[in-house]
Amino acid sequence: MERIKTKYLGLELKSPVILSSSGLTSTLQRIKDAEAAGAGAVVLKSIFEEQIMSEVAHVDSYSDYPEAADYVRAYVQENSL
């Protein structure tokens, strides 16, 4: 098979396949498996996730719209692992 190296955001990748932050990148073993399968890069969850979650917990205190707080809580609940 021909080499399919590419350059993305200044990084040399062995493949143009980039896995997004998901269940496929949730553990080190899954990341290693993705690399073995040919992924050129992975996107991990934010290292600031704890700070974001803390801000979400206090959204009521600085929001004039309680519906916004409800939306954010529902979104976080549905999209957290």
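Residues numbered from 1 in each chain as written. Predicted model: local features only at pLDDT ≥ 70, side-chain atom pairs only at ≥ 80, totals over all residues. Heavy atoms only, no water.

**With respect to the overall build of the protein**
Our working rule: Runs of H or I in DSSP of at least four residues are treated as helices and runs of E of at least two as strands, each being numbered from the N terminus. For the radius of gyration, the atoms used are the C-alpha atoms, and the globule rule reads 2.2 Å times the number of residues raised to 0.38. Relative accessibility under 20% of the residue-type maximum defines a buried residue, over 50% an exposed one, and the middle range a partly exposed one, all with a 1.4 Å probe and only protein chains included. Between two residues, a contact is recorded if the distance between any of their heavy atoms is within 4.5 Å.
Each helix and strand counted, the protein has three helices and four strands in total. Listing each helix as α and each strand as β along the protein from the N terminus yields β-β-β-α-β-α-α. By the compact-globule yardstick of 12 Å for 81 residues, the protein is too spread out, its C-alpha radius of gyration being 18 Å. Over its C-alpha atoms, taken along the principal directions, the protein stretches across nearly 55 × 25 × 20 Å. Evaluated residue by residue, the protein yields a buried proportion of 12% over its 81 residues. Summarising the internal contacts of the protein: among those between residues at least 6 apart in sequence, 24% fall at separations of at least 24.

**What to know about a nonpolar patch on the surface**
As a reminder of what qualifies: Note on patches: the residues involved have over 30% relative accessible area and no salt bridge, like charges join within 9 Å, and the nonpolar side chains Val, Leu, Ile, Met, Phe, Trp and Tyr join within 5 Å. All accessible-area figures derive from a Shrake-Rupley calculation using a 1.4 Å probe, and residue coverage is judged against the displayed protein chains alone. Put simply, a salt bridge is a Lys or Arg side-chain nitrogen that is within 4 Å of an Asp or Glu carboxyl oxygen.
A surface patch of nonpolar side chains, about 400 Å² in accessible area, is lined by Tyr8, Leu9, Ile18 and Val43. Secondary-structure assignment places Val43 in the loop between β4 (41-42) and α2 (49-57).

**Here's the deal with the environment of Ala39**
Considering the arrangement of structural elements, one finds Ala39 in the loop between α1 (28-36) and β4. Take Ala39: its relative accessible area is 10%, and that puts it in the buried class. As a C-alpha pair, Ala39 and Thr27 span 12 residues in sequence and 15 Å in three-dimensional space. Sequence-distant contacts of Ala39, defined by excluding residues within four places in its chain, comprise Lys14, Ser15, Val17, Leu19 and Ala34.

**Quick look at the side chain of Thr25**
Mapped onto the fold, Thr25 is located in the loop between β3 (18-19) and α1. When its relative accessible area of 7% is taken as the criterion, Thr25 is described as buried. Those residues in contact with Thr25 that sit more than four places away from it in its chain are Leu19, Ser20, Ile31, Val42, Val43 and Leu44.

**A look at unusual backbone geometry**
Positive phi is not limited to glycine here, since Leu9 has a value of about 50°. Mapped onto the secondary structure, Leu9 falls in the loop between β1 (6-8) and β2 (11-13). Note on Leu9: relative accessible area 72%, which makes it exposed.

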